[in-house]
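# Understanding the architecture of this molecule
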Amino acid sequence: MDPIVSTDWLAAALPCADLVVLDASWYMPGDKRDARALFAAERIPGARFFDIELIADHESGLPHMVPAASRFAQRVGELGVSNDRRVVFYDQIGVYSAARGRWMLRLFGHDRVAVLDGGLPKWRSEGRATESGPPVSAPVPGVFQPALRAGMLRGLGDLLENLDSRRELVLDARSAERFHARVSEPRPGLRAGHMPGARNLPFGELLTPAQTLRPREELRERFARAGVQENTAVVTSCGSGLTAAILNLGLAVAGFPEGALYDGSWAEWGGRADTPIAED
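Everything quoted here is computed from the prediction, not taken from an experiment.

About the thresholds
Residues numbered from 1 in each chain as written. Predicted model: local features only at pLDDT ≥ 70, side-chain atom pairs only at ≥ 80, totals over all residues. Heavy atoms only, no water. Helix = DSSP H or I, 4+ residues; strand = E, 2+ residues; numbered from the N terminus. Rg over C-alpha atoms; globule rule 2.2 N^0.38 Å. Buried < 20%, exposed > 50% of the residue type's maximum accessible area, 1.4 Å probe, protein only. Contact = heavy atoms within 4.5 Å. Lys, Arg positive; Asp, Glu negative; His and termini not counted. Charge placed at Lys NZ, Arg CZ, Asp CG, Glu CD. Phe/Tyr/Trp six-rings, centres within 6.5 Å; stacked < 30°, edge-to-face > 60°. Pairing = 2+ DSSP bridges. Right-handed = clockwise from strand over helix to strand, strands pointing away. Axes fitted to C-alpha atoms, helices over the stretch in contact; angles between N-to-C directions. Parallel < 35°, antiparallel > 145°, perpendicular 65-115°, else oblique. Nonpolar A, V, L, I, M, F, W, Y, C, P; charged D, E, K, R; others polar. Core = buried A, V, L, I, M, F, W, Y, C linked by side-chain atoms within 4.5 Å. Left-handed = near helix turned anticlockwise from the far one by under 90°.

A separate point is the overall build of the protein chain. In terms of helices and strands, the protein chain carries 10 helices and 10 strands. Compactness check: the protein chain gives a C-alpha radius of gyration of 18 Å against a globular reference of 19 Å for 280 residues, within 12% of the reference. Principal-axis analysis of the C-alpha atoms gives the protein chain an extent of 55 × 40 × 35 Å. For the protein chain, the residues scored as buried account for 51% of the 280 residues in total. Contacts in the protein chain between residues far apart in sequence, at least 24 positions, make up 78% of those at least 6 positions apart. Each charge class in the protein chain was averaged separately, 32 positive and 36 negative side chains, and the resulting centres sit 1 Å apart.

The next thing to look at is the packing of aromatic side chains. Taken as a whole, this structure holds six aromatic pairs when the rule is applied. Centroid distance phenylalanine 223 to phenylalanine 256: 6.1 Å. Interplanar angle 75°. Geometry classified as edge-to-face. Residue phenylalanine 223 is located in helix α8 (residues 216-225), and its partner phenylalanine 256 is located in the loop between α9 (244-254) and β10 (260-262); the two are separated by 33 residues in the primary sequence. Residue phenylalanine 223 shares its accessibility class with phenylalanine 256, and that shared class is buried. Of the aromatic side chains, those joined through ring pairs into one cluster are Phe72, Phe108 and Phe144.

This part takes up the sheet that holds β10. The strand order β6-β10-β9-β7-β8 describes an open sheet built from five strands, whose pairing is parallel. Edge positions in the sheet fall to β6 (153-154) and β8 (199-200), since each of these pairs with one other strand and no more. Summarising the sheet, strand β7 (residues 169-172) and β8 pair through two bridges and their orientation is parallel. Opposite aspartate 172, over in β8, you have asparagine 200 as the bridge partner.

Glancing now at the pairing of strand β5 (residues 113-116). Burial along β5 is two-sided: Val113 and Val115 facing one way and Ala114 and Leu116 facing the other are all buried. After leaving strand β4 (residues 86-90), the chain enters helix α4 (residues 98-107) and then returns to the sheet as β5, a path that is right-handed.

The contact between α4 and α9 brings their axes to 8 Å, and the two run at 70°. In this view, α4 runs roughly perpendicular relative to α9, as classed from their interaxial angle. Contact residues: α4 offers Ala99, Arg100, Arg102 and Trp103, while α9 offers Ala245, Ile246, Leu249 and Ala252. For the contact of α4 with α9, the per-class residue count stands at six nonpolar, no polar and two charged.

Let us now look at the nonpolar core. Core analysis: the largest hydrophobic core is formed by 53 residues, its most contacted members being Phe50, Phe72, Phe89, Leu171 and Phe223. Breaking this core down by element, the ones donating at least two residues are β2 (19-23), α3 (69-78), β4, α4, β5, β7, α8 and α9. Among the elements that line this core, the one with the most residues is α9, at eight residues. Here phenylalanine 223 is in contact with Leu171, Leu201, Leu206, Val228, Leu247, Gly250, Leu251, Ala254 and Phe256, once residues within four sequence places are set aside. Listed in part, the 17 residues of the second largest apolar core include Val21, Tyr27, Phe39 and Leu120.

Interaxial distance between α8 and α9 falls to 9 Å at its minimum, and their mutual angle equals 120°. Compared by their axis directions, α8 and α9 come out oblique. When the axes of α8 and α9 are compared, the crossing they make is left-handed. Along the contact surface, α8 presents Arg216, Leu219, Arg220 and Phe223, while α9 presents Leu247, Gly250, Leu251, Val253 and Ala254. Classifying every residue of the contact of α8 with α9 gives six nonpolar, one polar and two charged.

What follows is the structure, given as structure tokens:
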């Protein structure tokens, strides 16, 4: 399954019994928007809500960290996902938090998963049908057997070791202002700056003004400017491990190895006193 699908593709596939559509919308706390309430107000027909904060490790103290395989399997099974289903994630912004949903499902071994290019805004702008209110019926539960791909995930120790080895190129998806410590971090208590040796590729550079993913060659050009070559080992990072997944999605669409994701991201690195920080 391609990593990203068009609205035309989804409209044709919606009647298929093996397709699960998931709204993985998430907003920064400062946005004052309730993703679940907005889902109830308008959604793609038949969609279910993939709650990024619920389907997470609630013991870590860091935002929406990857949960245990058993918790993930239980939660996606409740949404009707099983190993033989095709899954399409979308969000209410365009291409944003849906990329995190796709990355999580792939992390636990599922390949038949994609992101809807342009998300709900593009779907709505084309005059396609939506629905609102409580779901007509609960999803039929699925049985999902997870198979963790540990190579797609990085932790603090991996990034500390990489400071010396530089075996992997760290791409930071935050804005240039945050990366270069020109502004304070939006989360209280975090230092400003970036990991030494990291390169900055703000996730917005991969998107068009219409919030769709840029064409393959444009993506390749932007990754090349950030230091990515054909066989570069990449680790993505951001503020909390969410927009980093847009870079992983972009790598896949561009034809590069998809790389790994540092789940703790700046919420972990910038929240510690013992991690080195650069501001240049």
